[in-house]
Amino acid sequence: MSTHREPRFWRVPGRLVVHLIDGLPWTVSHVRPNPLRQHCRQLARTFRVSNPIADRLRPRCRRLFEVVADRSGLLTAVHPSEFRSAVLIRMVWYSDAWCQPPEDWWPDTTTSPRVQWRSLLRHLFGPYPVPAFFESAWFVEGPLSCPERDWYCLASAGKSLRRAQGMPPSVSARALHLAMQAPADFTIRQALRWGQLRALGCRPRFRKLVLESGMASDFRNDAVWLKLMAKVAVTRSGQRDFGKVVDFLAEELRWTGSASGLKWVGLPWDELRTKARRFWRKALAQSQQQGVAWPRAELGNPLFRLRLSHCLRDRWEPMPEPPLFESGTQGRWRWEILQLTTQLELMMEGRAMKNCLATYGKLCREGRAAIFSFRLAEDWEPTTRWCVVDVDPSSRKVMQVRDRANHRLPWQSVPFLRDWARRHGLN
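Throughout what follows, the structure given in this document is the object of discussion. Fair warning: this is a prediction, and the values are worked out from it, not measured in the lab.

## Side note on the nonpolar core
Okay, so step 1: Ranked by internal contacts, the top residues of the largest apolar core, which has 60 residues, are Phe-65, Leu-88, Met-91, Phe-125 and Trp-138.
Okay, so step 2: At the level of elements, α1 (13–21), α2 (34–47), α3 (52–71), α4 (86–93), α5 (113–125), α6 (147–156), α7 (173–179) and α8 (188–199) are the ones that each hand at least two residues to this core.
Okay, so step 3: What Phe-125 contacts, discounting residues up to four positions off in sequence, is Met-91, Tyr-94, Ala-97, Trp-98, Cys-99, Trp-138, Tyr-152, Cys-153, Ser-156 and Ala-157.
Okay, so step 4: Among the nonpolar cores identified, the runner-up in size contains 36 residues, and Phe-242, Val-245, Trp-269 and Leu-312 belong to it.

## Things to note about the packing of α1 against α3
Okay, so step 1: As a packed pair, α1 and α3 sit with axes 8 Å apart at the nearest point and diverge in direction by 155 degrees. The orientation of α1 with respect to α3, classified from their angle, is roughly antiparallel. Considering only the axes of α1 and α3, their crossing is right-handed. Residue-level inspection shows Pro-13, Gly-14, Val-17, Val-18 and Ile-21 of α1 in contact with α3, the latter providing Arg-58, Cys-61, Arg-62, Phe-65, Glu-66, Ala-69 and Asp-70.
Okay, so step 2: The residue inventory of the contact of α1 with α3, partitioned by class, reads seven nonpolar, one polar and four charged.

## Quick notes on the state of the cysteines
Okay, so step 1: Per the counting criterion, the structure on display carries zero disulfides.
Okay, so step 2: The structure places no disulfide on Cys-99, whose sulfur is separated from the nearest cysteine sulfur, that of Cys-153, by 9.1 Å.
Okay, so step 3: A disulfide-free cysteine, Cys-364 has its sulfur positioned 12 Å from the sulfur of Cys-356, the nearest such atom.

## Details of α1
Okay, so step 1: With seven of nine residues buried, α1 lies mostly within the body of the structure.
Okay, so step 2: Along α1, the positions that sit buried rather than exposed are Gly-14, Leu-16, Val-17, Val-18, His-19, Leu-20 and Ile-21.
Okay, so step 3: Structurally, α1 contributes buried residues whose contacts are with α2 and α3.
Okay, so step 4: In the segment just after α1, Gly-23 is the residue with positive phi, at about 80 degrees.

## Brief notes about the sheet that holds strand β4 (residues 384–392)
Okay, so step 1: The strand order across the open sheet built from five strands is β1-β2-β3-β4-β5, with neighbouring strands paired in antiparallel fashion. With partners counted over all chains shown, the strands left at the sheet margins are β1 (325–330) and β5 (397–402), one partner each. When strand polarity is set aside, the average angle formed by the axes of neighbouring strands in this sheet is 25 degrees.
Okay, so step 2: Sheet topology note: the strand β3 (residues 370–378)/β4 ladder contains seven bridges and is antiparallel. Looking at β4, one finds that Ala-370 is bridged to Val-391.
Okay, so step 3: Strands β2 (333–340), β3, β4 and β5 of the sheet are contacted by helix α15 (residues 343–353), whose axis makes an angle of about 125 degrees with β4.
Okay, so step 4: Seen against the sheet, helix α17 (residues 415–423) touches β1, β2, β3, β4 and β5 and runs at an angle of roughly 130 degrees to β1.

## Things to note about the side chain of Arg-149
Okay, so step 1: Examined against the element boundaries, Arg-149 turns out to sit in helix α6.
Okay, so step 2: The side chain of Arg-149 is buried and forms no salt bridge, while Glu-148, the nearest opposite charge, is found at 6.8 Å.
Okay, so step 3: Apart from the residues lying within four places of it in its own chain, the contact partners of Arg-149 are Arg-90, Tyr-94, Ala-137, Trp-138, Val-140, Pro-143 and Leu-144.

## Comments concerning the packing of α2 against α3
Packed helices, taken two at a time, are described by the angle their axes make and the gap between the axes.
Okay, so step 1: Look at α2 against α3: their axes get within 11 Å of each other, and the N-to-C directions meet at 150 degrees. Judged by the inter-axis angle, α2 sits roughly antiparallel to α3. Here α2 contributes Leu-43, Thr-46 and Phe-47 to the contact with α3, which in turn contributes Ala-54, Leu-57, Arg-58, Cys-61 and Phe-65.
Okay, so step 2: Looking at the contact of α2 with α3, its residues break down into six nonpolar, one polar and one charged.

## Digging into the pairing of β2
Okay, so step 1: By the criterion of burial, β2 is predominantly enclosed, with six of the eight residues buried.
Okay, so step 2: The pairing of β1 with β2 spans six bridges and is antiparallel. When the bridges of β2 are listed, Thr-329 appears paired with Arg-334.
Okay, so step 3: Where β2 meets β3, eight bridges bridge the pair, whose relative direction is antiparallel. Each residue of the ladder has a partner; that of Trp-335, found in β3, is Leu-376.

## Here's the deal with the pattern of salt bridges
Okay, so step 1: Under the definition given, this model contains 26 salt bridges.
Okay, so step 2: Among the ionic pairs, Asp-22 bridges to Arg-62, the shortest N-O distance being 2.4 Å. Within this pair, whereas Asp-22 is found in the loop between α1 and α2, its partner Arg-62 is found in helix α3, the two being separated by 40 residues in sequence.
Okay, so step 3: Two residues, Arg-277 and Asp-241, come together in a salt bridge whose shortest N-O distance is 2.6 Å. Placement of Arg-277 in helix α13 (residues 269–289) and of Asp-241 in the loop between α10 (222–233) and α11 (242–256) is noted, with a sequence separation of 36 residues between them.
Okay, so step 4: The class of Arg-277 is partly exposed, set by a relative accessible area of 27%.
Okay, so step 5: A network of salt bridges, in which partner residues are shared, links Asp-241, Lys-244, Asp-270, Arg-273 and Arg-277.

About the thresholds
- Residues numbered from 1 in each chain as written.
- Predicted model: local features only at pLDDT ≥ 70, side-chain atom pairs only at ≥ 80, totals over all residues.
- Heavy atoms only, no water.
- Core = buried A, V, L, I, M, F, W, Y, C linked by side-chain atoms within 4.5 Å.
- Buried < 20%, exposed > 50% of the residue type's maximum accessible area, 1.4 Å probe, protein only.
- Helix = DSSP H or I, 4+ residues; strand = E, 2+ residues; numbered from the N terminus.
- Contact = heavy atoms within 4.5 Å.
- Axes fitted to C-alpha atoms, helices over the stretch in contact; angles between N-to-C directions.
- Parallel < 35°, antiparallel > 145°, perpendicular 65-115°, else oblique.
- Left-handed = near helix turned anticlockwise from the far one by under 90°.
- Nonpolar A, V, L, I, M, F, W, Y, C, P; charged D, E, K, R; others polar.
- Disulfide = S-S within 2.5 Å.
- Pairing = 2+ DSSP bridges.
- Lys, Arg positive; Asp, Glu negative; His and termini not counted.
- Salt bridge = Lys/Arg side-chain N within 4 Å of Asp/Glu carboxyl O.

As structure tokens, then:
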């Protein structure tokens, strides 16, 4: 029988979490409440190894976590699936914005843990009231620093967000003012989009369509999205296909850039909607040709379109030589060569080059073809697609080179292509 017992101070949650934040060893089975045990696991993984970030956070983490563990139920009564200790670590990262020390915080223990956490936010970051949706800033995954948390600190300090760092320039002063009235269950970016829609005078039904689409949080391409919103807001019919159009434009933006997105969004609404329908029907057909059996192919369902897009992004084994990407210059010309390794890339390339490249997916997947996109630019202009190169990996032979509209190109007479093929042993 083991006579080992846990240290007496382990029965005090605050002293236990400080012990873990110091990176000291512990025994999982000796921590009784399961929520506290799971939070301790997370803290042990975070602070077990010394590194610059963890060492910087340790002193104030000791202060905040000891108070939270002893005076509230955030760590002892709430499982990490509902409230992760990473939220408190993010608050420590922004400790330079604290207005009061955590030791002065005394929550009302009769309230819910969520209410206790809100009182901790108000205690630490200032007395100025902020809209409830701003609390979502502390649940944004990723790096400890992010624009949403910067905006929360500014708002809680009573400062203007209009010129805040990272604030999308497409959000006008009126849109920002209206965004402050957004519902509490929105994220900050959804609230900003909601404010833009209200500033445009969009109806509630259309606002719901936008917030359910992929553009709700994407402010990098607002030159396209604002134009689309203004176009559809005045359309009395056809808004049912709005999600298809947004997802179609998102794929265009991902692969071809904002110039292509602006070109498509400049089309009349009916024509744009037809383009989007054809794109998704073709994507579905291409996935079925690859052997994917969909139990329910509902192109009107955004989750199905997301799964379809992910399916088409599955990569096949690329040809090891030439490399996936290569670039160079020759005189005043700058060239890039990109090997296409997904069905979606073939579709987008074929659409831009007006050829049947999308049908080569099966050959590429079986290792019987390797497709390279050749792009060219003069001086420092953006590169544009110039031709497509088809190589047989087994014989390393250039089977064909086609420019726009499937016209054959005598590649031996093109210095860029001839030098590239010779350098990699292609014939």
